[in-house]
Amino acid sequence: MTVLLNWDSLGFSLNPTAQMFVAETSLTADWSAGALRPYGNLSISPAAGVLNYGQGIFEGLKACRSKQGDVLLFRPWENAKRFYQGAVRLCMPPVPEDYFVNAIETVVRANRDYIPPYGKGSLYLRPCLWGTGEILGVGPAPSYTFVVYASPVGAYYKQGLKPIRVLVSDDFHRAAPLGVGHVKCIGNYAGTLLSLKSAKAQGYEGCLYLDAKYGRYVEEVGTANFFCVKDGVLYTPKLGSILPGITRDSIMTLAAAELGLRVEATDISIEQALAAEEVFCVGTAAVVTPIGALAYQGKVTQFQQGKVGPITTELYTRLTAIQQGDAVDPFQWVKVTH
Ligand SMILES: *Cc1c(COP(=O)(O)O)cnc(C)c1O
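Below you will find a few notes about this structure. (Residues numbered from 1 in each chain as written. Predicted model: local features only at pLDDT ≥ 70, side-chain atom pairs only at ≥ 80, totals over all residues. Heavy atoms only, no water.)

## Quick notes on the state of the cysteines
Under the convention used in this document: Count a disulfide wherever a pair of cysteine sulfur atoms falls within 2.5 Å. Relative accessibility decides the category of a residue: with a 1.4 Å probe and only protein chains considered, values under 20% of the type maximum give buried, values over 50% give exposed, and everything between is partly exposed.
Here the structure, examined in full by the defined rule, presents zero disulfides. Of the cysteine sulfurs around Cys 128, a residue in no disulfide, the closest is that of Cys 185, at 13 Å. Take Cys 128: its relative accessible area is 5%, and that puts it in the buried class. The cysteine Cys 281 is free of any disulfide, with Cys 207 supplying the nearest cysteine sulfur at 12 Å.

## Details of the environment of Phe 172
This is how the line gets drawn: Numbering goes from the N terminus for both helices and strands, where a helix is a DSSP run of H or I of at least four residues and a strand is a run of E of at least two. Should any heavy atoms of two residues lie within 4.5 Å, those residues are considered in contact.
Note on placement: Phe 172 falls in the loop between β8 (164-168) and α4 (193-201). Since its relative accessible area comes to 27%, Phe 172 is described here as partly exposed. It is 9.0 Å that separates the C-alpha atoms of Phe 172 and Leu 194, two residues lying 22 residues apart in sequence. Setting aside its immediate chain neighbours within four residues, Phe 172 contacts Leu 194, Ser 195 and Tyr 209.

## Observations regarding the side chain of Ser 250
Stated formally: Residues adjacent in sequence count toward polar contacts only when both atoms are side-chain atoms; beyond that, a polar contact is any pair of N or O atoms within 3.5 Å, and within protein one must be able to donate a hydrogen and the other to accept it.
When you line up the elements, Ser 250 lands in helix α5 (residues 246-257). Assessed through its relative accessible area of 0%, Ser 250 is described here as buried. Side chain to side chain, Ser 250 and Arg 75 meet in a polar contact 2.9 Å long. Apart from residues no more than four positions distant in its own chain, Ser 250 is found in contact with Phe 74, Arg 75, Leu 319 and Trp 333.

## Considerations on empty space enclosed by the protein
Counted only if it meets this: A cavity here means a set of points on a 1 Å grid, drawn over the protein atoms and nothing else, where a 1.4 Å probe fits but cannot get out; a pocket is an open set with protein on both sides within 12 Å along at least five of seven lines, and a residue lines either one if it has an atom within 4 Å of a point. Grid points are joined across faces, edges and corners, and a volume is the space filled by probe spheres set on the points.
Throughout the structure, instances matching the rule amount to one cavity of 30 Å³ or more. If you add up the space inside the largest cavity, you get close to 30 Å³. Taken together, Glu 278, Val 279, Pro 290, Ile 291, Phe 303, Gln 304, Lys 307, Gly 309 and Thr 312 make up the lining of the largest cavity. Counting only elements with at least two residues in the lining of the largest cavity, the list comes to β14 (278-283) and β15 (287-296).

## Considering the pairing of strand β6 (residues 121-131)
In plain terms, the rule: Any two strands with at least two DSSP-identified bridges between them are counted as paired.
The element β6 is extensively covered by neighbouring structure, given that 11 of its 11 residues are classed as buried. Pairing analysis gives three bridges linking strand β4 (residues 61-65) to β6, with the strands arranged antiparallel. Bridge pairing in β6 places Lys 62 opposite Tyr 124. Relative to strand β7 (residues 143-154), β6 runs antiparallel, the two sharing 11 bridges. Within β7, the position partnered with Trp 130 by the bridge is Thr 145.

Honestly, that's just the spatial picture; any functional story needs more than this.
Structure below.
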């Protein structure tokens, strides 16, 4: 089958593929074997737990083609682990990690023709776990659905790295201490739409959130983890109410092992962040996105004259080289799907 897609015009928007994976379970049974079926609507009760009380989590990972044509996944076992822990936090039956990775590979194989050619982007995979059983009072739903669908997405930077301008929010928080900020749960995202809308209306492309207890320490940028560089040290907010990003972990590892930087996961006050030399954010979708300017309390601070810093560039280059199979993979991050 040939898929008629214009690979060069892909962005980060939904282009459904032929097949998706669906499996079900109840609170008392094991996961069903699950099966591929044509991509399409699901039938769901209006009383489903996920629709009424937000009992749902998701993941995001990418499959891409190497120069040789192999299909590569980046650290899928880490997504499996995070998905498992997220399910436990939301009182849902966790999907076993090997089951999760199998489902991902099943969807990749079934939609092989939708994986963009080398360098043109990737097949974005979206695993979801929802409480789909009916429940009236607040409580765990009686049954659950695990779905993996996919969409080809374009290369994030078609004309090279481009810095974004980010507004530091001092009237919205993303997550609270001891809450679910560290879980990729569906309820964490709608609450960021208004702050992002407001940031965009003021000419910014992203919103940086501060911690909810002191309103002083940097947390993260919407759906990407925060980093800054100062005097040869790479700083990133410590885990807690932020999402423990797999890209974040990879960047910390690369910076220490390959660039010889000291790496600190710690509290970063907004004043420290504004005094940094380079600032960027990272995630599966955003890859490594340079931040050219931060606006805080009416004042705009530029970094690297709004251009991309050398450490940001180096980390971007090294990460994407491993992800695309262009560089050796010393940490065994890449899984080839046959
Ligand atoms: C998914 C996500 C990230 C990035 O995590 P990766 O594992 O690197 O893709 C960062 N922050 C939030 C809030 C997220 O949802």
